[in-house]
Protein chains: 2
Amino acid sequence: MTKKLVFGHQNPDTDTIASAIAAAYLVHKAFGDETEAVALGTPNAETQYALDYFKFEPLRVITEADTKQVVLVDHNEAAQSVANLADVEIAGVYDHHKINFTSNAPIWFNNQPLGSVATILYYEFKSHDIEIPEEIAGMMTSAIVSDTLLLKSPTTTSFDQPALEALADIAGIEDYEAYGLAMLKAGTDLSKRSAKELIDGDAKSFDFAGNVFRIGQVNTVDIEDALTRQSEIEEAMKAEDFDNFLFVITDILNSNSKAIYLGDNSDAVEKAFNGKLVNHVIDLPGVVSRKKQVVPPLTAAF
Amino acid sequence: MTKKLVFGHQNPDTDTIASAIAAAYLVHKAFGDETEAVALGTPNAETQYALDYFKFEPLRVITEADTKQVVLVDHNEAAQSVANLADVEIAGVYDHHKINFTSNAPIWFNNQPLGSVATILYYEFKSHDIEIPEEIAGMMTSAIVSDTLLLKSPTTTSFDQPALEALADIAGIEDYEAYGLAMLKAGTDLSKRSAKELIDGDAKSFDFAGNVFRIGQVNTVDIEDALTRQSEIEEAMKAEDFDNFLFVITDILNSNSKAIYLGDNSDAVEKAFNGKLVNHVIDLPGVVSRKKQVVPPLTAAF
């Protein structure tokens, strides 16, 4: 049996790392394959908190797959994956993003519109009657907390809360809200990260009616504190040389955001979010999800 | 909640009909959606045997979806689906074929390399803790028997037998081999079907390096008896006007096939199957699966 590498997307977040760990275990137990969970980058501070808490070593970091078969989690598009994806066989996919995929044969491809890939994997473990080890359940709990911002993000579905509660129980976490808040806060210490690290950390490029739009996002517990570094952040944004750059700073305690915008489409940005740019900053009350609350109104405005 | 139509591919077989019935029930129970199982054609004799046995009315036949949302079973490619697929929203897919799919958002997309879609759905019911009604379990049993030829086809996986046994049990079928053989035989009475019905019954179009290839298949218990109608069958094949037409006649008792080929690529066909075309007929010893044993060697030969 060929060994299978299991990994998530570039710029790994907690769901991508936790799901790689969980899927590697699931595929090993369900199909008997030898598997290794790896990552396409180093863990961020939030993920490192979870790894430390549940006593995991950081995953081996790769840029190219060194096995013939791979399993993708938390992505299905080549642009977000290893450089040599076209040269390896994709044996399985567990994902919750839009689909852009072809294969020459049927494969294990499980895409569900749920809050996190860890939620999907929880139900997979269940359907295969495979027990989830305590520490893996802990990582999966962390992933659901991270992707749904403790079930408060609009990406949250009715499937996420039962999975989160069951996983926290298996992991022996008595108060998952307290654990989750501590983990989310661990990811919000922005003071130790350079402005470039902040804007690059989670950034993705989009195309709105021909306008290239870079959108980055950080979580914090104090937006105003983050904005004391506005001029330094704007310098870093300019240096990246995108036509449009929107940097969203999200308050995870109060579920609000503000965003810094640099580019020639202020009108469209103001229209999208029904607000005013003041000194390049726009208020985004109630906004926490890029996928659900930032990209769709910008798409509509252009 | 919008009503969702649930349907399989054109030229429906037992797995496509049974899976539409089962998925419509599953989606209704799991998500609360109003659903209707429909078909893109009338049932073949084998499927009709199962429908009669488990007291189902034939499904409503459509060529275009008349709802805004649909769920696809047993196919994911537009060419095998309703004519207006591009105009409706695909809310879910349950399939076991190669993937050629894009979406603008995450959806329920469950593709698994198992013997039948009914097998996939069996594990879905299990993961959602939803009980399968007796008569739906009977149709799902029939689907697994049909697609795996009673677990003898090389498409059979280790997941199919446990599903088949559990479903037969729920359906109250004491001897699934006896039931399955009776159902398969019901589909092999070729004498009542016109040559056009035989070649169209299960036919699909493929593209091998730019060559359009029509491949039909029938099951029988006596290949030579079927070949007494060769000239009539060839006339019907010519009338369909495909550049290449391969009509596979499969002996389900002895797991062998012969095929009639009409077209300009005899060399490639002989190379694919390592045999000789004699009077347009080629021996295919051990071949029972179009997906596993006919399409891949043709793909390789072109």
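Residues numbered from 1 in each chain as written. Chains lettered and ligands numbered in written order. Predicted model: local features only at pLDDT ≥ 70, side-chain atom pairs only at ≥ 80, totals over all residues. Heavy atoms only, no water.

All right, on to the environment of Leu277(A) then. Residue and element names in this part refer to chain A. Relative to the helices and strands, Leu277 resides in the loop between helix H10 (266–273) and strand S12 (281–284). Residue classification places Leu277 among the buried positions, given a relative accessible area of 17%. Taking C-alpha positions, Leu277 is 7.3 Å from Ser266, a pair spaced 11 residues apart along the chain. (Helix = DSSP H or I, 4+ residues; strand = E, 2+ residues; numbered from the N terminus. Buried < 20%, exposed > 50% of the residue type's maximum accessible area, 1.4 Å probe, protein only.)

Let us now look at unusual backbone geometry. Residues and elements named next belong to chain A. Here Leu151, not a glycine, exhibits a phi torsion of approximately 70°, which is positive. As for its position among the elements, Leu151 is in the loop between helix H4 (134–148) and helix H5 (160–171). You will see that Asn279, though not glycine, has its phi angle at about 55°, which is positive.

Judged by pairing direction, the sheet is mixed, and its 12 strands sit side by side in the order S3(A)-S2(A)-S1(A)-S4(A)-S5(A)-S7(A)-S7(B)-S5(B)-S4(B)-S1(B)-S2(B)-S3(B) without closing on themselves. The sheet is open, and its two edges are formed by strand S3 (60–61) of chain A together with strand S3 (60–61) of chain B, each paired on a single side. Pairing of strand S7 (residues 108–111) of chain A with strand S7 (residues 108–111) of chain B, which is carried by three bridges, proceeds in the antiparallel orientation. In the sheet register, Asn111(A) faces S7(B), and the bridge partner there is Phe109(B). The sheet contacts of helix H3 (residues 117–127) of chain B involve strand S5 (89–95) and S7 of chain B, and relative to S5(B) the element is tilted by about 105°. (Pairing = 2+ DSSP bridges. Contact = heavy atoms within 4.5 Å. Axes fitted to C-alpha atoms, helices over the stretch in contact; angles between N-to-C directions.)

Residue and element names in this part refer to chain A. Going residue by residue along S7, you find Trp108 and Asn110 tucked away on one face and Phe109 and Asn111 tucked away on the opposite face as well. As paired strands, strand S5 (residues 89–95) and S7 are joined by four bridges and run parallel to one another. Residue pairing for S7: Val93 is matched across the bridge by Phe109.

Residues and elements named next belong to chain A. The five strands lie next to each other as S8-S9-S10-S11-S12, forming an open sheet whose pairing is mixed. Each edge of the sheet is formed by a strand with only one pairing partner; in this case those strands are strand S8 (204–208) and S12. Between one strand axis and the next, the sheet turns by 25° as a mean value, whatever way the strands run. The pairing of S8 with strand S9 (residues 211–220) spans five bridges and is classified as antiparallel. In the strand pairing of S9, Lys204 is matched with Ile215. Across the face of the sheet, H10 comes into contact with S9, strand S10 (244–251), strand S11 (256–262) and S12 while running at roughly 15° to S12. Contacts between helix H11 (residues 290–301) and the sheet are confined to S8, S9 and S10, with S9 contributing the most and set at about 150° to the helix.

Take the side chain of Thr35(A) next. Position of Thr35(A) relative to the elements: it lies in strand S2 (residues 35–39). Only 2.7 Å separates the side chain of Thr35(A) from the backbone oxygen of Ala24(A), close enough to count as a polar contact. (Polar contact = N/O pair within 3.5 Å; in protein donor to acceptor, adjacent residues only side chain to side chain.)

Two measures define how a pair of helices packs: the angle their axes make with one another and the distance between the axes. Residue and element names in this part refer to chain B. Here helix H1 (residues 14–31) crosses helix H4 (residues 134–148) at 145°, and the two axes come no closer than 8 Å. Judged by the twist between their axes, the crossing of H1 over H4 is left-handed. Two secondary-structure elements touch here, H1 through Thr14, Asp15, Ala18, Ile21, Ala22 and Tyr25 and H4 through Ile136, Met139, Met140, Ser142, Ala143, Ser146 and Asp147. When its residues are assigned to classes, the contact of H1 with H4 shows eight nonpolar, three polar and two charged. (Left-handed = near helix turned anticlockwise from the far one by under 90°. Nonpolar A, V, L, I, M, F, W, Y, C, P; charged D, E, K, R; others polar.)

Relative to chain B, chain A is turned by 179° and slid 0.3 Å along the rotation axis, the superposed coordinates differing by an RMSD of 0.9 Å. Such a combination of rotation and displacement between the chain copies is what one expects of a two-fold axis. When the interface residues of chain A are mapped onto chain B, 100% of them again fall at the interface, so both copies present the same face. (Least-squares fit on C-alpha atoms with pLDDT ≥ 70 in both.)

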